[in-house]
Amino acid sequence: MKVFGIRLPGMSSLLIWGLLWEIFGRSGLSFFVPPLSDVIATLFEVIGTPAFQKALYETGYAFVAGVFFAVSIGIPTGILMGKNRLLDELLLPWVNIFLSAPLTALVPVLMVLFGFGMKSIIITTTLFAIWIIILNARAGVMQINRSLVEMAHSFGATPWAAFTKVYFWAALPEILGGVRIGIIRAVKGVIIGQLLISIVGFGALFELYSNNFLMSHFWAVLLVLFAMAFTISEVLAYLERRVSYYAAKR
Amino acid sequence: MLQTDNPVQDLPAGHGHSVASSNSSANAVSVRNVSKNYGTVEALKDLSLEFPKGQLTSLLGPSGCGKTTLLKIIAGLLEPTSGEIEVDGRSVDGPGPDRAFVFQDFALLPWASVLRNVSFGLELRGVAKSEREDIAAKYIADVGLAGFEKSYPHELSGGMRQRVGLARALSVDSDVLLMDEPFSAVDEQTRRKFQEDLLSLVANENKTFIFVTHSIEEAVYVSDQIAILLPRPSRVSDIIRPSGLREKDSRSIRRDPEYLDIVDEIWESLRSYVE
């Protein structure tokens, strides 16, 4: 974007919002919003503490495991649904229900089924991420250029070869789009899991800080979380753009 | 019938059989009483057609006449409702290594280089990497794309992309080449060059070509035999065999009286079907 003929670097708007935050914080209007500079100072203070690093590890572990299952189950399921009418008819209603269902309400059920530990948190994370990944992989496969499918068939591709050498790659731009949104939802999932199931990881930190009115600590952890989710999402968006021509029609 | 089979047929040297020959060994592909219904719509009705070995047969007709449907049935990509397809005397009911397809929209893998695209047919057949890339490199050079092996389809022009599609079909060395309006997505000049190249391909490769087109001029220019299909439901209304065009120089065919006459006659027979 250009303002008064000067080319602004990407994400310049964040500076404006940061400035507004700082001004609002310094005005002392709300106890819950300390100035951004305080939050950042706290951030560097907190980041080296064992409590923070333990929380980062616990959250990171549950997040990575949850996303791993969501991706490795979701992508093949979506591709199969896009290719198999019967499977699609069977599963699509469930995928749509779970996509829009308030998954938070399901968490107590998961606790009964899978206990109060890491397992339930990982499953919660997976459940938040997987549905949109399935739907996008399915959509990607369904709009593969018809003649690519015929090409694979006419040159004698086995179903497995067609799946791994053609369908997956042709659907890759959509698949990556689904993974990107899925990962953003997984961030939500892992924190909700850690708040509701067992108070560990970042969930525990949020709980601790907000109960003790340590607002700059609270915001600092939130900033870290936001930065991580944003980075992953931008990396995937970049990859998505790099492979967008895979879906070319001719 | 506007022009029935010529009794005296000038075929390329070495083809001593007469046109009317029903000798099945002279036909690379036979279509026997094929019907295709989509629900209650009859796309093809009791269609029979012979494709002589080593020759180029065009399927020509107005849009909606089912010529692409017929080609895809021959390719094994579509199942006929009834009837059968014989390739080299054997009945077939699916795609096979005896036939290779050239697609109207090229059907290249956008994520793969020219080399991998051309060798993809061989890759699917399990040919070892170094062997299939040697074969592919030869055909890439044959179609005039030497030096573009590492390029990707989106870096090529439409004409060059179709050369990649052609090289892929040639590299699997099938007896029958099925071409679905292969030149319709390229510009006019490239198209003319393609048509000339196709003539030398038919002369030099001992393959049978089945060529779908909606261009009368193109069909007359490149064909040994033109099957005219009429729509709703599709049937073969006529088979035309230009007799003297094969011996002509590829650049003088378009001025040949026989060429012009056949183009005119075909148009007369088709014009009432074009709305």
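Remember, it's a predicted structure, so these values are computed and weren't measured experimentally.

Q: Residues and numbers for the interface of chain A and chain B, please.
A: One frequently used descriptor of interface size is the decrease in accessible area upon assembly of the parts. Taken together, the 21 residues of chain A in the interface contact 27 residues of chain B. Both faces considered, chain A and chain B share a buried interface measuring about 2100 Å² in area, 68% of it formed by carbon and sulfur atoms. Inspection of the region where chain A meets chain B yields two salt bridges. Here Lys-165 of chain A and Glu-123 of chain B are joined by a salt bridge, their closest N and O atoms 2.7 Å apart. There are four residue pairs in polar contact (both at pLDDT 80 or more) connecting chain A and chain B.

Q: How would you explain the pattern of salt bridges if you had to name every residue and give the values?
A: In a structure, side chains of opposite charge can pair up when their charged atoms sit close to one another. The final tally for this structure, using the stated rule, is 21 salt bridges over all chains. Residues Glu-89 of chain A and Arg-85 of chain A are paired through a salt bridge, measuring 3.1 Å at the closest nitrogen-oxygen approach. A residue pair is termed a helical-turn pair when its members lie 3 or 4 positions apart in one helix, as Glu-89 of chain A and Arg-85 of chain A do in helix 4 (residues 85-100) at four residues. Between Asp-197 of chain B and Lys-193 of chain B there is a salt bridge whose closest N-O contact spans 2.9 Å. Here Asp-197 of chain B pairs with Lys-193 of chain B, and both are found in helix 5 (residues 188-204), just four residues apart, close to one helical turn.

Q: Provide a residue-level description of empty space enclosed by the protein, including the pertinent values.
A: Residues and elements named next belong to chain A. Applying the stated criterion to the full structure yields four cavities of 30 Å³ or more. Lining the largest cavity are eleven residues, and of these Gln-143, Ile-144, Asn-145, Ala-170 and Ala-247 sit closest to its centre. Its residues placed into classes, the lining of the largest cavity shows six nonpolar, three polar and two charged.

Q: Describe the sheet that holds strand 2 (residues 41-52) of chain B, with residues and values.
A: Residue and element names in this part refer to chain B. The strand order across the open sheet built from four strands is 2-1-4-5, with neighbouring strands paired in antiparallel fashion. With partners counted over all chains shown, the strands left at the sheet margins are strand 2 and strand 5 (90-92), one partner each. For this sheet the average axis-to-axis angle between neighbouring strands, irrespective of direction, equals 25°. Pairing geometry for strand 1 (residues 27-38) and strand 4 (residues 82-87), over five bridges, is antiparallel. The partner of Ser-35 across the bridge, within strand 4, is Ser-82.

Q: Which residues make up the sheet that holds strand 7 (residues 176-180) of chain B, and what are the values?
A: Residue and element names in this part refer to chain B. Here six strands make up an open sheet; going across it, the order is 6-7-8-3-9-10 and the pairing mixed. Of all strands in the sheet, those with a lone pairing partner are strand 6 (99-102) and strand 10 (235-240), marking the two edges. Each adjacent strand pair in this sheet contributes to an overall mean axis angle of 20°, direction not counted. Pairing of strand 7 with strand 8 (residues 208-213) involves five bridges; the strand directions are parallel. When the sheet's bridge partners are listed, Leu-177 is paired in strand 8 with Phe-209. The strands touched by helix 1 (residues 67-75) within the sheet are strand 3 (56-60), strand 6, strand 7, strand 8 and strand 9 (225-230), with strand 7 carrying the most contacts at an inclination of about 150°.

Q: Give a description of the pairing of strand 2 of chain B that names residues and reports values.
A: Residue and element names in this part refer to chain B. In terms of strand pairing, strand 1 meets strand 2 through eight bridges, oriented antiparallel. Within strand 2, the residue paired with Tyr-38 across the bridge is Val-41. In sequence, strand 1 turns back onto strand 2 through a hairpin of two residues, with Gly-39 there showing a positive phi of about 65°.

Rules of the game
Residues numbered from 1 in each chain as written. Chains lettered and ligands numbered in written order. Predicted model: local features only at pLDDT ≥ 70, side-chain atom pairs only at ≥ 80, totals over all residues. Heavy atoms only, no water. Contact = heavy atoms within 4.5 Å. Buried area = accessible area lost by both parts, 1.4 Å probe. Salt bridge = Lys/Arg side-chain N within 4 Å of Asp/Glu carboxyl O. Polar contact = N/O pair within 3.5 Å; in protein donor to acceptor, adjacent residues only side chain to side chain. Helix = DSSP H or I, 4+ residues; strand = E, 2+ residues; numbered from the N terminus. 1 Å grid on protein atoms, 1.4 Å probe; cavity = no way out; pocket = protein on both sides within 12 Å on 5 of 7 lines; lining within 4 Å. Points joined across faces, edges and corners; volume = space filled by probe spheres on them. Nonpolar A, V, L, I, M, F, W, Y, C, P; charged D, E, K, R; others polar. Pairing = 2+ DSSP bridges. Axes fitted to C-alpha atoms, helices over the stretch in contact; angles between N-to-C directions.

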